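As a plain string of letters, each chain reads:
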Amino acid sequence: MEQACSACDLTCPMGQVNADCDACMCQDFVLYGVVSLPGGAPASGATVYILTKTPKLLTQTDSSGRFRVPGLCPDGKSILKITKTKFAPIRLTMPKTRLKAATIKAEFMRAETPYIVMNPKAKARRAGQSVSLCCKATGKPKPDKYLWYHNSTLLDPSLYKHESKLVLRNLQRDQAGEYFCKAQSDTGAAKSHVARLTVIAPDETPCNPTPESYLIQLPHDCFQNATNSFYYDVGRCPVKTCAGQQDNGIRCQDAVENCCGISKTEEREIQCSGYTLPTKVAMECSCQRCTETQSIVRGRVSASDNGEPMRFGHVYMGNSRVSMTGYKGTFTLHVPQDTERLVLTFVDRLQKFVNTTKVLPFNKKGSAVFHEIKMLRRKEPITLEAMETNIIPLGDIAGEDPVAELEIPSKSFYRQNGEPYTGKVKASVTFLDPRNISTATAAQSDLNFINDEGDTFPLRTYGMFSVDFTDEATSESLNVGKVKVHLDSTQVKMPEHLPMMKLWSLNPGTGLWEEEGDFKFESQRRNRREDRTFLVGNMEIRERRLFNLDVPESRRCFIKVRAYRSERFLPSEQMQGVVVSVINLEPRTGFSSNPRAWGRFDSVITGPNGACLPAFCDDQSPDAYSAYVLASLAGDELEAVESFPKFNPNAIGVPQPYLNKLKYRRTDHEDPQAKKTAFQISMAKPRPNSAEESNGPIYAFENLQACEEAPPSAAHFRFYQIEGDRYDYNTVPFNEDDPMSWTEDYLAWWPKPMEFRACYIKVKIMGPLEVNVRSRNMGGTHRQTVGKLYGIRDVKSTRDRDQPNVSAACLEFKCSGMLYDQDRVDRTLVKVIPQGSCHRVSVNSMLHEYLVNHLPLAVNDNTTEYTMLAPLDPLGHNYGIYTVTDQDPRTAKEIALGRCFDGTSDGSSRVMKSNVGVALTFNCVERQVGRQSAFQYLQSTPARPSPASTVRGRAPSRRQRSSQGGQRWRRGAASLRFSGVAQQPLSN
C-alpha cells in the first residue's frame, strides 16, 4: 500500500487519495442532488460523473430526479458532470463546506447543436500583408473548439490553436483560396460558409482595368445603324472584393471594404432621330471603397387557404421582435449587417394561424426582396380527457387514410412545473399534409438539418404537425410525455425511405430541424387492422411544439434558372432579386407527370448570373423526382417559356435530346386557361459520361461552382417579365437590381445610393387613343448640371375603365434635391411631352401656385408640352405630384405608382383613376390617316406578333404596373422596346 501511494503524486488537501490516484475521497461526507428538466419536471435517468483524468461514473438519478453520492470531498474544486440524452450536459463544482452533507440543485437545458452566427468574410490582400478570418458559433453547450480548413484541408491545430479567429501573417500567394471553420461541442459540430481569400503580388493591379461589355437599351427612336440594334455598349466594372488600402489593424471585418468599380468615364453622344442623347461610358476600372448598401426584406403574410392577411402580427428574429405586420399583412425588415441566414418567426396575436418560422433568402449586395409568407390556419381545438387514452389523426384528405396518428396514453399530461395534470385538455393539432400541393408554400423553415460532421443536409417531409395543449380552465400550456406516433407505412411510396424515417423538431431560433427519435416497425396494432404495418416512434412534447416526419435525402442536384426583362432573353437584360422557388414532387405510381405529393420547398434569389436552385434528383430513375419551379418579383409572378403549342428548345434554353429527357412542361401545357407562371420537369441527374448533359441545366450537387459560374450560353431554364409600355434611360447607367453599380456622378439619376427618392406626375389625356408621354429631365439650377440631361422616361397612358375617350399616365421625373456631393440642390428642369397632336388645356391650380411662389419659374410658351422646375417639397395628390423615399429604388417606384394610380397620398391601386390627383390635362386629337404612333406601328408590324394579343384575348384596356421601378401593363400587345426601324421622332 505504501509503495502504491509513493508512486502517486496526487496530494489531497481534504480526505485521502483513492486507489486509482485520480480523486480525493472523504468517507464521512454525502452529496445529495436534485436534477430537473426545463420547467421543473424531475429529470429521471440522468447520469452523474466526476471529472478525473477520465470521467468516472458515480450514479444515476431516480424517478424523482434525485441522487446520492457518498465519499466525495467538499473541497470546492472537484467537477461533476450530469448528462441526459437531448439535453446539454451540466457541469457543477463541488460545494465547499465543513458539514457532513450538502445538497445541490441543477436544471437541464435542451441541447442545441452548434450554429454559426458569424461567418468568415471574403478578403483580398497583397503578398506580405496580414489577414484575420473570424468565425463564431452558439449552442448548448457553447462550442469549445474551432477547426480551420484551407481548400478543404485541415490546418494544423497545433499551429493555429482551436480559436475562432484565424490570423495569417506575411501572406504568400499559395495561401489564397477557400477557408471555412468547423465549430465543435459535446452535442455536435457546424461548418461555416466558405470565404475566399485573394492574394496578389505586391506590384499586381488589384482589378482588371478594362471594363467588360454592358449593353443598355436606347429609346425606340434611337436605332443604331452601326450595330443594327437599339443597344449601346457603355461598359461596366464587375463588383468584386479587391486588395485596396488597409490600415495595420487585424480585424474580423476590414475597416474599409474595397471593391472594383468605375474610376474613369468618357462622355459620348448617341445620334437619334432628330436629337442626340448623351451618355457616359466606363473607360477604366480600379480598386475603390465599396458603395454602402442596405439589404431589405419585405413581404405579405396571409393564410394559405384563402389569403386572409395576418393583421398586426409580430415578426421575431430569435427572441427579438424586429417588425410587425400591417392591416394588409405587409411587413418591412432591414436585415442586420453580417446576417448570413435570415430566420424569422411570424406570430399571430389573434391565434388564428400557426406560428410560422421561415428562412428567407435576401440580396446580400443590397436592395429589397419581396416574399409571400403563407401560414396554416390553426385547427379548431377539441377537448380531451387527461385520464383517458386519446388518438388524434394526422391528415384529413378526402377519401384518403390519415398519414399518421398521435397516441397519447392516459395520465401523460403534466404542468410546466412537472405536476401531473388530470383535468380537461384543450387540444389543437394542425397537420401540414404533403399530399395537398397547395400547402407547400406554408412549409416551416427550409427543411435542413446539420449532421454530426457539421454539414447541412436536406430533409424530405412526410408531414409536419403543430401541437397546442392547454388547461381548459386557465389556458396554461401543458407538456406531454410518452406520446406515440403511428406512421402508416402504405403512405410512404418510396420504400427506401422507410428505414430512414425519423421524428424531428424545429429549433425556431436557428430554423434547423433536430432529431427527436427513430421509428420501429410494428406489424399489427389493432385487431381490425392486423394486415397493416406501422412505423412507431416515441416522443415527448415540452418546449418545442412543431414536429416533422422526415427522411434525410442525399440525392441532390441544382437547377440553373435565369430571369429576363423580356422574351429576347439577352444576357444584358437579366434580372436580379427575383425569388425563384421549387417544390419537389413525388410522382404518382405509373403517372410520371402527375404528382402524388410534395416533399420539399426551397427558394433562392437571382444574382447577376442567375440562380442555382437545389432539388432532389435521381440518376437511376429520371422520374423518381420531379420539380415544380416558379418565380416572382415584388410579389408579381414572372412567366415561364411556353411548351405548347410551340415547343422551342432555343426559347426554353435547353438543347435536345436532354430537354425531352427532362420532360419540360409549362403549367398551361394541357389547360390553356391555366396560369403560365411555372414549369415542371423530371429531375434526371446528368450522366457524367454524357457530353450533352454536362453543360446544364441540371448540375450534380458537387458541381455547384460550375452551376454558379456557368456562362449565359450554357443551358438553363428561363422566366421573363411581360413587357410594358414604358422606357427608362439614364445618362449615367445604373442597374436598379444592383445598388453596388451606383457611380459617383453629378448626372446620376439617383444622387444617394442608400436613399432613393421616386417622383411621379399624373397626366390626363382627353382623346380616343392611348398616348405615349415622355419626361425629359435636365439640370436646372446647379452649376455642374444646368442644361445637361439626367435621363428620359417614356410611358403609355392607361385607358380609364369607366369613361370613354379618357386615359391617364403616371410619368416618372427626376426629383429635385441635393446631388451626390451634398453641396447644393438642383431644381430639375422637367419637360412633359405627350406624343402626337396634343395641346395643354389645364394645369393643377395648386401646383401652378406652388411653382409661382418658388422661383425661378420655367417658361411655358409651347402648349404641346409642359415645362417646370421640379418642386423641392414632396407635395402630394392635391398637386398631382407623388413622391416616395425608400432604401430600395424599385420599392420607392412601386409605392409612388400605386398612389398615383389611386390619386391619393396614402392609398394604392392597380386601376387607373383618371379624374383624381391630376397635375396636367392634355387634349389629344386622333392622328391623320396613314400616320402612326410608335406604339401603333409596333402593334401592327407582322415581324413579331405579341403572344398576349393573339392568345390571351384580354380586353383592350390596359393597366400600368410597377416593374423594376417602371410601369407595365400586365398583359397586352407588343412593346415599344422591340422596334426594328427608326420611327418619327418625339417632340423634344
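Predicted model only: the values in this text are computed from it and were never measured.

A.B. asks: Explain the overall build of the protein to me, and be specific about the residues and the numbers.
C.D. replies: Looking only at helices and strands, the protein has nine helices and 67 strands in total. Compactness check: the protein gives a C-alpha radius of gyration of 33 Å against a globular reference of 30 Å for 988 residues, within 12% of the reference. Taken along its principal axes, the extent of the C-alpha atoms in the protein is 115 × 75 × 65 Å. Classification of the 988 residues of the protein by burial places 54% in the buried group. Looking at the protein alone, contacts between residues at least 24 apart form 70% of all its contacts between residues at least 6 apart. Here the protein displays about 43600 Å² of accessible surface, and carbon together with sulfur accounts for 49% of that area. Separation between the mean location of the 124 positive side-chain charges and that of the 111 negative ones in the protein comes to 2 Å.

A.B. asks: Could you give an account of the sheet that holds strand 29 (residues 367-375), naming the residues involved and the relevant values?
C.D. replies: The strand order across the open sheet formed by three strands is 26-23-29, and the pairing between neighbours is mixed. Of all strands in the sheet, those with a lone pairing partner are strand 26 (330-334) and strand 29, marking the two edges. With strand direction ignored, the average angle separating the axes of adjacent strands in the sheet is 25°. Relative to strand 26, strand 23 (residues 295-303) is paired through five bridges, and the arrangement is antiparallel. Paired with Arg298 across the two strands is Thr332, which belongs to strand 26.

A.B. asks: So what's going on with the side chain of Asp488? Which residues, and what values?
C.D. replies: Checked against the element boundaries, Asp488 lands in strand 37 (residues 479-488). Assessed through its relative accessible area of 2%, Asp488 is described here as buried. At 2.8 Å, the side chain of Asp488 and the side chain of Thr490 are in polar contact.

A.B. asks: Tell me about the pattern of salt bridges, and please be specific about residues and values.
C.D. replies: Applying the stated criterion across every chain, the model contains 57 salt bridges. Put simply, Asp338 and Lys121 hold a salt bridge, and the shortest N to O gap is 2.8 Å. One end of the pair, Asp338, is in the loop between strand 26 and strand 27 (342-347); the other, Lys121, is in the loop between strand 9 (112-118) and strand 10 (123-126), with 217 residues separating them in the sequence. Put simply, Arg173 and Glu204 hold a salt bridge, and the shortest N to O gap is 3.7 Å. Remark: Glu204 occurs in the loop between strand 18 (195-200) and strand 19 (215-217) and Arg173 occurs in the loop between strand 15 (165-168) and strand 16 (177-185); sequence separation between them is 31 residues. Among the ionic contacts, a cluster of salt bridges with common partners joins Arg726, Asp728, Glu736, Arg793, Glu812 and Lys893.

A.B. asks: Mind laying out helix 6 (residues 845-853), listing which residues take part and the relevant values?
C.D. replies: Buried residues of helix 6: Leu847, Tyr850 and Leu851, and no others. Angularly, the buried residues of helix 6 cover 95° about the axis, an arc narrow enough to put them on a single face. Summarising the geometry of helix 6, the exposed residues directed more than 90 degrees from the buried face are Ser845 and Asn853. The elements touched by buried residues of helix 6 are strand 63 (866-869) and strand 64 (881-886). Its side-chain oxygen at 2.9 Å from the backbone nitrogen of Met846, Asn844 defines the N-terminal cap of helix 6.

A.B. asks: Can you lay out the nonpolar core for me, pointing to particular residues and giving the numbers?
C.D. replies: Soluble, globular proteins show a tendency: their nonpolar side chains are buried together. Membership of the largest hydrophobic core comes to 75 residues, with the highest contact counts inside it found for Phe413, Phe465, Phe469, Leu549, Ile559, Met683 and Phe717. Here this core takes five residues from strand 42 (residues 556-564), the largest share from any one element. Excluding residues within four positions of it along the chain, Phe413 makes contact with Leu384, Ala386, Ile408, Pro420, Tyr421, Val425, Phe469, Leu478, Asn479 and Val480.

A.B. asks: Can you break down the environment of Ala674 residue by residue, with the values?
C.D. replies: Along the chain, Ala674 turns up in the loop between strand 49 (665-666) and strand 50 (678-682). Of the residues examined, Ala674 reaches a relative accessible area of 23% and is grouped as partly exposed. Not counting the four nearest positions on each side in its chain, Ala674 is found in contact with Thr667 and Asp668.

A.B. asks: Would you mind going over a nonpolar patch on the surface in detail, with residue names and values included?
C.D. replies: Together, Phe312, Met324 and Tyr327 line one region of the surface with nonpolar side chains, adding up to about 310 Å² of accessible area. Relative to the elements of secondary structure, Phe312 occurs in the loop between strand 23 and strand 24 (314-317). Classification of Phe312 as partly exposed rests on a relative accessible area of 39%.

A.B. asks: How would you summarise the pairing of strand 37 if you had to cite specific residues and measurements?
C.D. replies: Counting buried positions along strand 37 gives eight out of 10 residues, so the element sits mostly inside the fold. Where strand 32 (residues 404-408) meets strand 37, four bridges bridge the pair, whose relative direction is antiparallel. Each bridged residue has a counterpart across the sheet, and for Ala404 the counterpart in strand 37 is Leu487. Pairing geometry for strand 33 (residues 413-414) and strand 37, over two bridges, is antiparallel. Bridge pairing in strand 37 links Tyr414 to Asn479.

A.B. asks: A description of the state of the cysteines should follow, citing residues and the corresponding values.
C.D. replies: As used here, a disulfide is simply a covalent bond connecting the sulfur atoms of two cysteines. Counted by the stated rule, this structure contains 14 disulfides. Here Cys222 engages in a disulfide with Cys272; their sulfurs sit 1.8 Å apart. Measuring the twist about the S-S bond at about -60°, one finds the Cys222-Cys272 disulfide to be left-handed. Residue Cys222 is located in the loop between strand 19 and strand 20 (231-233), and its partner Cys272 is located in the loop between strand 21 (258-271) and strand 22 (276-289); the two are separated by 50 residues in the primary sequence. Taking relative accessible area as the criterion, Cys222 reaches 0% and is therefore assigned buried. Through a disulfide, Cys612 is tied to Cys707; the S-S separation comes to 2.1 Å.

A.B. asks: Can you break down the packing of aromatic side chains residue by residue, with the values?
C.D. replies: All told, the structure shown has 21 aromatic pairs when counted by the stated rule. Seen from their ring centres, Phe413 and Phe469 are 5.5 Å apart, and the 75° between their planes marks the pair as edge-to-face. Of this pair, Phe413 sits in strand 33 while Phe469 sits in strand 36 (residues 456-471), and the two are 56 residues apart along the sequence. Exposure class is identical for Phe413 and Phe469. Each is buried.

A.B. asks: An account of the environment of Ile450 is needed here, citing residue identities and associated values.
C.D. replies: Structurally, Ile450 can be placed in strand 35 (residues 448-450). C-alpha separation for the pair Ile450 and Met683, spaced 233 residues apart in sequence, amounts to 24 Å. The residues contacting Ile450, other than those within four sequence positions of it, are Pro114, Ala189, Ala190, Asp455, Thr456 and Leu512.

A.B. asks: Can you lay out the confidence of the model for the protein for me, pointing to particular residues and giving the numbers?
C.D. replies: For the protein, per-residue confidence averages 85 on the pLDDT scale, and 91% of positions sit at 70 or higher. Contacts from residues 1-5, a stretch scored under 50 in pLDDT, to residues over four places away or in other chains number zero contacts. Note that residues 589-595 has pLDDT below 50 and, in this model, 11 contacts with residues that lie over four places away or in other chains.

A.B. asks: Describe the environment of Glu178, naming the residues involved and giving the relevant values.
C.D. replies: Mapping Glu178 onto the fold places it in strand 16. It is 4.5 Å that separates the C-alpha atoms of Glu178 and Arg196, two residues lying 18 residues apart in sequence. The contact partners of Glu178, leaving out residues within four places of it in the chain, are Tyr149, His150, Asn151, Val194, Ala195, Arg196 and Gln705. Of note is the side chain of Glu178, whose polar atom sits 3.3 Å from the side chain of Arg196.

A.B. asks: Describe the sheet that holds strand 3 (residues 47-50), and please don't skip the residues or the numbers.
C.D. replies: Here four strands make up an open sheet; going across it, the order is 4-3-6-7 and the pairing antiparallel. Among the strands making up the open sheet, the edge pair consists of strand 4 (56-60) and strand 7 (90-93). Sheet twist, expressed as the mean angle between neighbouring strand axes with direction ignored, is 25°. Both strand 3 and strand 4 contribute to a ladder of four bridges, which runs antiparallel. Bridging from a neighbouring strand, Thr47 pairs with Gln60 of strand 4.

A.B. asks: Give a detailed account of helix 7 (residues 889-902), specifying residues and quantitative values.
C.D. replies: Compared with an ideal rise of 1.5 Å per residue, which puts 14 residues at 20 Å, helix 7 spans 20 Å between its outermost C-alpha atoms and is within 8% of the ideal. Counting buried positions along helix 7 yields 11 of 14 residues, so the element is predominantly enclosed. Residues Pro889, Arg890, Thr891, Ala892, Lys893, Ala896, Leu897, Gly898, Cys900, Phe901 and Asp902 constitute the buried set of helix 7. A side-chain oxygen of the first residue of helix 7 lies 3.4 Å from the backbone nitrogen of Arg890; this N-cap is Asp888.

A.B. asks: Describe unusual backbone geometry, listing the residues and the values that go with them.
C.D. replies: Here the residue pair Lys140 and Pro141 is connected by a cis peptide bond, since its omega of 0° sits within 30 degrees of zero. A positive phi is found at Lys482, a non-glycine position, where the angle reads about 60°. Tracing the sequence through the fold places Lys482 in strand 37. Its relative accessible area of 68% is what places Lys482 among the exposed residues. The residue Phe569 is not glycine, and still its phi comes out positive at about 55°. Along the chain, Phe569 turns up in the loop between strand 42 and strand 43 (579-588). Given the relative accessible area of 13%, Phe569 is considered buried.

Rules and cut-offs
- By convention here, each chain's residues receive numbers from 1 onward along its written sequence.
- Predicted model: local features are reported for residues with pLDDT of at least 70 only, side-chain atom pairs are reported and counted for 80 or more only, and whole-chain, interface and lining totals are derived from all residues.
- Note: side-chain values were computed over all heavy atoms of the structure, leaving out hydrogens and water.
- In DSSP terms, a helix is any run of H or I states spanning at least four residues, a strand is any run of E spanning at least two, and both are numbered starting from the N terminus.
- Just to be clear, the radius of gyration here is over C-alpha atoms, and the globule rule we use is 2.2 Å times residues to the power 0.38.
- Residue burial is assigned from relative accessible area. The probe radius is 1.4 Å, only protein chains are included, and a residue is buried under 20% of its type maximum, exposed over 50%, and partly exposed in between.
- What makes two residues a contact is simply this: any of their non-hydrogen atoms within 4.5 Å.
- Computed with a 1.4 Å probe, the accessible areas rest on the Shrake-Rupley method; for each residue, only the protein chains presented here act as cover.
- In this charge count, Lys and Arg are treated as positive and Asp and Glu as negative; neither His nor the chain ends contribute.
- By convention, charge coordinates are those of NZ in Lys, CZ in Arg, CG in Asp, or CD in Glu.
- Note: two strands are recorded as paired if DSSP finds a minimum of 2 bridges between them.
- Axes, fitted as lines to C-alpha atoms, cover a helix only where it is in contact. Angles between the N-to-C directions of the axes lie from 0 to 180 degrees.
- Within 3.5 Å is the distance limit for a polar contact, defined as a pair of N or O atoms, with the added protein rule that one can donate a hydrogen and the other accept it, and that residues adjacent in sequence qualify only through two side-chain atoms.
- Only one rule defines a salt bridge in this text: a Lys or Arg side-chain nitrogen within 4 Å of an Asp or Glu carboxyl oxygen.
- In this description, the arc belongs to the directions extending from the helix axis to the C-beta atoms.
- By convention a nonpolar core is built from buried Ala, Val, Leu, Ile, Met, Phe, Trp, Tyr and Cys residues, the set being connected through side-chain atoms within 4.5 Å.
- Any residue with relative accessible area above 30% and no salt bridge may belong to a patch, with like charges joined within 9 Å and the nonpolar Val, Leu, Ile, Met, Phe, Trp and Tyr side chains within 5 Å.
- Whenever a pair of cysteine sulfur atoms sits within 2.5 Å, that pair is classed as a disulfide.
- Ring pairs are drawn from Phe, Tyr and Trp, using the six-membered ring of Trp, whenever the two centres fall within 6.5 Å, and their geometry is named by plane angle: stacked under 30 degrees, edge-to-face over 60, tilted for the rest.
- Here pLDDT means the predictor's own confidence in every residue, given as a number from 0 to 100.
- What a helix should span is 1.5 Å times the count of its residues minus one.

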